[in-house]
Amino acid sequence: MSNSFASSAIDHLSVGMLIVCIAILWVRSLGRALLLFALQSLMLAAAAVCAGLAMHSTPLLVGACLTAAIKGIAAPVLLWIVLQRIPTTHDVQALIERR
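Source: prediction; values computed, not measured.

Along the backbone of the chain there are 3 helices and 0 strands. With 99 residues in all, the chain has 27% of them scored as buried. Pairs at least 24 residues apart make up 61% of the contacts formed inside the chain by residues separated by at least 6 positions. Taken as a whole, the chain presents about 7,200 Å² of accessible surface, with 71% of it coming from carbon and sulfur.

Quick look at the structure:
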């Protein structure tokens, strides 16, 4: 992978991660926020893969795979299981204190 392509891909992925971050703050459903968190984590792993391939760095590729597996798949699945076991609504409530 060429450095210019990797740089462009990382730029696009970082913009995408920023948009997903704003979307996480905007959604009111914990389930949707959890899916967006997983998407953001997978985008981070994809950016690390691009950097690893461009630099021919095996440790960076291993770190990207671990990030995808743990933060992008395992953590959201475990949090989803916990979320399904909570006997309450899964919407985020806005809390504004009165003075």
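There is more to say after this.
The next point concerns the environment of Met43. With respect to the helices and strands, the residue Met43 is situated in helix α2 (residues 30-55). Using a relative accessible area of 14% as the deciding quantity, one classes Met43 as buried. In the structure, Met43 is positioned 29 residues away from Ser14 in sequence and 7.9 Å away in space, judged by C-alpha atoms. Contact partners of Met43, with chain neighbours within four places excluded, come to Leu13, Gly16, Met17 and Val20.

One finds Leu13, Met17, Val20, Val27, Ala33, Leu36, Met43 and Ala47 forming the largest nonpolar core, which totals 8 residues. Broken down by secondary-structure element, the contributors of at least two residues to this core are α1 (3-26) and α2. With 4 residues, the single largest contributor to this core is α2. The contact partners of Met17, leaving out residues within four places of it in the chain, are Gln40, Met43 and Leu44.

As a further point, take the packing of α2 against helix α3 (residues 58-85). It is the contact of α2 with α3, at a shortest axis distance of 7 Å, that shows an interaxial angle of 175 degrees. In this view, α2 runs roughly antiparallel relative to α3, as classed from their interaxial angle.

All right, on to a nonpolar patch on the surface then. Taken together, the side chains of Leu42, Ile73, Val77, Leu78 and Ile81 make up a nonpolar region of the molecular surface, amounting to roughly 440 Å² of accessible area. Per element, the largest residue contribution to the nonpolar patch is 4 residues, and it comes from α3. With respect to the secondary-structure elements, Leu78 resides in helix α3.

A few words now on the environment of Ser4. Within the secondary structure, Ser4 is located in helix α1. Since its relative accessible area comes to 55%, Ser4 is described here as exposed. Residues Ser4 and Ala54, spaced 50 residues apart in sequence, show a C-alpha to C-alpha distance of 8.9 Å.

This next bit is on unusual backbone geometry. A positive phi angle, near 55 degrees, is found at His56, a position not held by glycine. One can find His56 in the loop between α2 and α3. Residue His56 is classed as exposed on the basis of its relative accessible area of 68%.

Thresholds, definitions, all that
Residues numbered from 1 in each chain as written. Predicted model: local features only at pLDDT ≥ 70, side-chain atom pairs only at ≥ 80, totals over all residues. Heavy atoms only, no water. Helix = DSSP H or I, 4+ residues; strand = E, 2+ residues; numbered from the N terminus. Buried < 20%, exposed > 50% of the residue type's maximum accessible area, 1.4 Å probe, protein only. Contact = heavy atoms within 4.5 Å. Areas by Shrake-Rupley, 256 points an atom, 1.4 Å probe, with all protein chains shown as cover. Core = buried A, V, L, I, M, F, W, Y, C linked by side-chain atoms within 4.5 Å. Axes fitted to C-alpha atoms, helices over the stretch in contact; angles between N-to-C directions. Parallel < 35°, antiparallel > 145°, perpendicular 65-115°, else oblique. Patch = residues over 30% accessible without salt bridge, like charges linked within 9 Å, V, L, I, M, F, W, Y side chains within 5 Å. Salt bridge = Lys/Arg side-chain N within 4 Å of Asp/Glu carboxyl O.

These figures capture arrangement, not role.
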